[in-house]
Amino acid sequence: MAAPENEKSRLDDAARAGWLYFIAGHTQDEIAKMLQVSRASAQRLVSLCLAERLITFRLEHPIAACMELASQLRDRFNLVHSEVVPTDPAAPNTTAGIAERSANLLDLTLRSETPVIVALGTGRAVRAAVERVTPIERPNHQIVSLVGNISADGSASFFDTVGRLADRTGARHYPMPLPFLMSSEDERNRMVRIEPIAKVKAIAAKADLRLVGIGQMDQKAQVHVDGFVTREELFEMMRLGAVGEVTGWAYDEKGRLIKGGTNKRLTSIPPQAPAQTTTIAVAVGAAKVAAIRAALIGRLVNGLITDEATAQAILDR
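My aim in this report is to walk through the structure given alongside it, one point at a time. In this text, all values refer to a predicted model and were calculated from it rather than measured experimentally.

**Regarding the packing of aromatic side chains**
So, step 1. Per the stated rule, a full pass over the model turns up two aromatic pairs.
So, step 2. With centroids separated by 4.9 Å and ring planes inclined at 85°, the aromatic side chains of Tyr-21 and Phe-22 adopt a geometry described as edge-to-face.
So, step 3. Geometrically, the ring pair formed by Phe-180 and Phe-228 is tilted, given 5.0 Å between the ring centres and 50° between the ring planes. With Phe-180 in the loop between strand S4 (172–179) and helix H8 (185–191) and Phe-228 in the loop between helix H10 (222–225) and helix H11 (231–239), this residue pair connects regions lying 48 residues apart in the sequence.
So, step 4. Classification of Phe-228 by relative accessible area gives buried; the value is 11%.

This is the structure in structure tokens:
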């Protein structure tokens, strides 16, 4: 009875080797060291991965450990969607794997002949996913931004995603042409009520899929590094209990939106709490574990694409 289990383990190893070689871009020598096998064994595993068609353009083999973690996350947090990819030991914060699976999700959604609306946040992982989407002509679809993408100095975010996805699909797209933060709460309230912005918000409210990143709220917070909030604004949010942000909206360890600070001046569309639309977070890394877990607890998102190490850390907290 041991043979089937041995075969399953062998295919698991082949799938890992295939992921490290074809997606993460490692050499066979590097893979041998990571899997603690000889170079010849690593070469055979990569060949087996191809021979068994575990990988085509994307990894199709459900690696057992990843699938188990995804199932635990789904059960623990009542998720509608959960995917876990292998962690790259040489680059634990890489977005390559989660971007690949997020692109697959976008591909499946965008293949629909029925018009769909996809709402996007910003960030490195979401941008990387969009870059991997297979070009397809879908002029009846709509792509809408959840986030104002203009920083305090007037520059646009490099990680804007809406226009790029529209380029790859021919879909109509609706950016959020507003500064990320306004100077006051009153100004924010006036701006989000003007007709073009109200129309963008109305389209986003009908989205079939929301794909968002999650940011930590510490001294390396992306909203600060990318110039959207100042050091003083970031520290104020941390003092108010912020541990993470989704589309710029800061929240505490229980996933509750912070009532003060930059949230008063933020132009981004607020997350639903609890999420009603399929809202998938794509995020990875030890620094984001607390932020991801809080978003799951508060039901700000109802889906997650992450990697093994991050998933295990979330479940262990």
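**Digging into the environment of Gly-261**
So, step 1. You can see Gly-261 is positioned in the loop between strand S8 (249–251) and strand S9 (278–282).
So, step 2. In sequence terms Gly-261 and Glu-233 are 28 residues apart; their C-alpha atoms lie 7.2 Å from each other.

**Remarks on the pairing of strand S10 (residues 303–307)**
So, step 1. Burial runs high along S10: five of the five residues are buried.
So, step 2. Both faces of S10 are covered, namely the face carrying Gly-303, Ile-305 and Asp-307 and the face carrying Leu-304 and Thr-306.
So, step 3. Here strand S1 (residues 81–85) pairs with S10 via five bridges, running parallel. Bridge pairing in S10 links Glu-83 to Ile-305.
So, step 4. Bridge count between S9 and S10: three bridges; the pairing is parallel. Across the sheet, the residue bridging to Val-282 is Ile-305, located in S10.
So, step 5. Taking the sense of rotation as the criterion, the β-α-β connection linking S9, helix H12 (residues 289–297) and S10 turns out right-handed.

**Let's talk about the sheet that holds strand S7 (residues 244–246)**
So, step 1. On the basis of which strands lie adjacent, the open sheet formed by three strands has the order S6-S7-S8 and antiparallel pairing. Looking at the sheet topology across the chains shown, the edges are occupied by strand S6 (215–216) and S8.
So, step 2. Two strands pair when backbone bridges link them, and S7 and S8 are joined in this way by three bridges, in the antiparallel orientation. Bridging across to S8, Gly-244 finds its partner in Tyr-251.

**Digging into the pattern of salt bridges**
So, step 1. For the structure shown, the criterion picks out 11 salt bridges.
So, step 2. Glu-113 is the salt-bridge partner of Arg-138, the closest N and O atoms lying 3.4 Å from each other. On the criterion of sequence distance, the pair formed by Arg-138 in the loop between helix H6 (124–131) and strand S3 (142–150) and Glu-113 in the loop between helix H5 (96–110) and strand S2 (117–120) is long-range, its members being 25 residues apart.
So, step 3. Since its relative accessible area comes to 14%, Arg-138 is described here as buried.
So, step 4. Looking at Glu-113, the relative accessible area reads 64%, which means it is exposed.
So, step 5. Here Lys-199 and Glu-195 are joined by a salt bridge, their closest N and O atoms 3.3 Å apart. Taken together, the residues Lys-199 and Glu-195, both in helix H9 (residues 195–205) and four residues apart, mark about one turn of the helix.

What counts and how
- Residues numbered from 1 in each chain as written.
- Predicted model: local features only at pLDDT ≥ 70, side-chain atom pairs only at ≥ 80, totals over all residues.
- Heavy atoms only, no water.
- Phe/Tyr/Trp six-rings, centres within 6.5 Å; stacked < 30°, edge-to-face > 60°.
- Helix = DSSP H or I, 4+ residues; strand = E, 2+ residues; numbered from the N terminus.
- Buried < 20%, exposed > 50% of the residue type's maximum accessible area, 1.4 Å probe, protein only.
- Pairing = 2+ DSSP bridges.
- Right-handed = clockwise from strand over helix to strand, strands pointing away.
- Salt bridge = Lys/Arg side-chain N within 4 Å of Asp/Glu carboxyl O.

Geometric values such as these leave the question of function open.
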